[in-house]
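Listed below are the residues making up each chain.
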Amino acid sequence: MEKGILVSCSAGNAGPSPFSLSNVAPWITTVGAGTLDRDFPAFVSLGNGQNYSGVSLFKGAALPGKLLPFVYAGNASNATNGNLCMMGTLIPEKVAGRIVFCDRGVSARVQKGAVVKAAGGLGMVLANTAANGEELVADAHLLPATTVGQKSDTTTQGSGLTAVKHTRTLTNVGQPGTYKLSITSENPQVKISVQPAMLSFSQVNEKKSYTVTFTVSSSMPSIANSFARIEWSDGKHIVGSPIAISWN
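Per an unreviewed UniProt entry, the protein goes by Subtilisin-like protease and derives from Acer negundo. UniProt's Sequence similarities (unreviewed entry) comment on the protein is quoted here verbatim: "Belongs to the peptidase S8 family."

In structure tokens, the structure reads:
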């Protein structure tokens, strides 16, 4: 009689979604990951009095019993994906001594905490994006860190407004010059602001970063999808960036 070997270990599982349970070779029997009826609550308290609940498994020394500076990773990086806190994307001078707000995605969650710590950050808030929604996974990070749901993935100072920020970088490929900002938008319900409003280049290949802030009331805008445009001009040349706005 032939003998068989039953294999039933470490199968891929990232659900719940179709085909998220992997049973390709060499897996013979696939067992999905289970859950525990336990919660590991952690809380994020902002200086404006707002509080957000999340989860964490951090067991190290706690943060100082005082408010610390808070920075969005996208505003502390020159990389277009700086908000993801991937290796080599954070600027230590803008992170050191601060709590860093990172978006979930692409790189491993615990790796993001390691990146923040390596750049001098004292703690991290890791926010879900639309791909994960309100799913909260408690991780044992290398520094004080809390994971929050997608609904908390915005910045809000008691005004009833929600603001989303993105940082981009321009590279001068021509002569030195000063470029002034202009913004056009077809959706009056979404306010677009850019800082700074002027970029001065003194040499070829010089890089300058700017931050775009989209502010909208917490209610659903009547215009779900719209377009806008940012232009930088020195009087002779125009550098334009199209913007698509989608409210889900």
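A.B. asks: Talk me through the pattern of salt bridges; I want residue IDs and the actual numbers.
C.D. replies: If you walk through the whole model with that rule in mind, you get 2 salt bridges. A salt bridge links Glu231 to Arg229; its shortest N-O distance comes to 2.8 Å. A relative accessible area of 24% means that Glu231 is categorised as partly exposed.

A.B. asks: Give a description of the packing of aromatic side chains that names residues and reports values.
C.D. replies: Scanning all chains against the criterion turns up 4 aromatic pairs. Ring geometry for Phe70 and Phe101: centres 6.0 Å apart, planes at 80°, overall edge-to-face. A residue pair is termed long-range when its members are at least 10 positions apart, and Phe70 in strand S3 (residues 70–72) and Phe101 in strand S4 (residues 99–103) qualify at 31 residues. Using a relative accessible area of 7% as the deciding quantity, one classes Phe101 as buried.

A.B. asks: Residues and numbers for the side chain of Lys112, please.
C.D. replies: Note on placement: Lys112 falls in helix H2 (residues 109–118). No salt bridge is formed by the buried Lys112; its nearest oppositely charged neighbour, Asp103, is found at 8.4 Å. For Lys112, the side chain forms a polar contact with the side chain of Ser107, separated by 3.0 Å. Once you skip the residues sitting within four places of it in the chain, Lys112 turns out to touch Leu84, Cys85, Asp103, Arg104, Gly105, Ser107, Met124 and Leu126.

A.B. asks: Mind laying out the state of the cysteines, listing which residues take part and the relevant values?
C.D. replies: In this structure the tally under the stated criterion is 1 disulfide. Residue Cys85 pairs covalently with Cys102 via a disulfide, S to S 2.0 Å. Here the disulfide of Cys85 and Cys102 is left-handed, its torsion about the S-S bond being about -80°. Taken as a pair, Cys85 in the loop between S3 and helix H1 (92–95) and Cys102 in strand S4 lie far apart in primary sequence, 17 residues in all. Exposure class is identical for Cys85 and Cys102. Each is buried.

A.B. asks: An account of the nonpolar core is requested, with residue identities and associated values reported.
C.D. replies: Ile192, Tyr210, Val212 and Trp232 are the most contacted members of the largest nonpolar core, which has 16 residues in total. Looking at this core, the elements with two or more residues in it are strand S9 (190–195), strand S10 (198–201), strand S11 (207–217), strand S12 (225–233) and strand S13 (238–246). Sort the elements by how many residues they give to this core and S11 lands first, with 4 residues. Other than its neighbours up to four places away in sequence, Ile192 contacts Ile183, Ser185, Val212, Thr213, Phe214, Ala228 and Ile245.

The rules behind these values
- Residues numbered from 1 in each chain as written.
- Predicted model: local features only at pLDDT ≥ 70, side-chain atom pairs only at ≥ 80, totals over all residues.
- Heavy atoms only, no water.
- UniProt positions renumbered as here; feature names shortened; annotations may be inferred.
- Salt bridge = Lys/Arg side-chain N within 4 Å of Asp/Glu carboxyl O.
- Buried < 20%, exposed > 50% of the residue type's maximum accessible area, 1.4 Å probe, protein only.
- Phe/Tyr/Trp six-rings, centres within 6.5 Å; stacked < 30°, edge-to-face > 60°.
- Helix = DSSP H or I, 4+ residues; strand = E, 2+ residues; numbered from the N terminus.
- Lys, Arg positive; Asp, Glu negative; His and termini not counted.
- Polar contact = N/O pair within 3.5 Å; in protein donor to acceptor, adjacent residues only side chain to side chain.
- Contact = heavy atoms within 4.5 Å.
- Disulfide = S-S within 2.5 Å.
- Core = buried A, V, L, I, M, F, W, Y, C linked by side-chain atoms within 4.5 Å.

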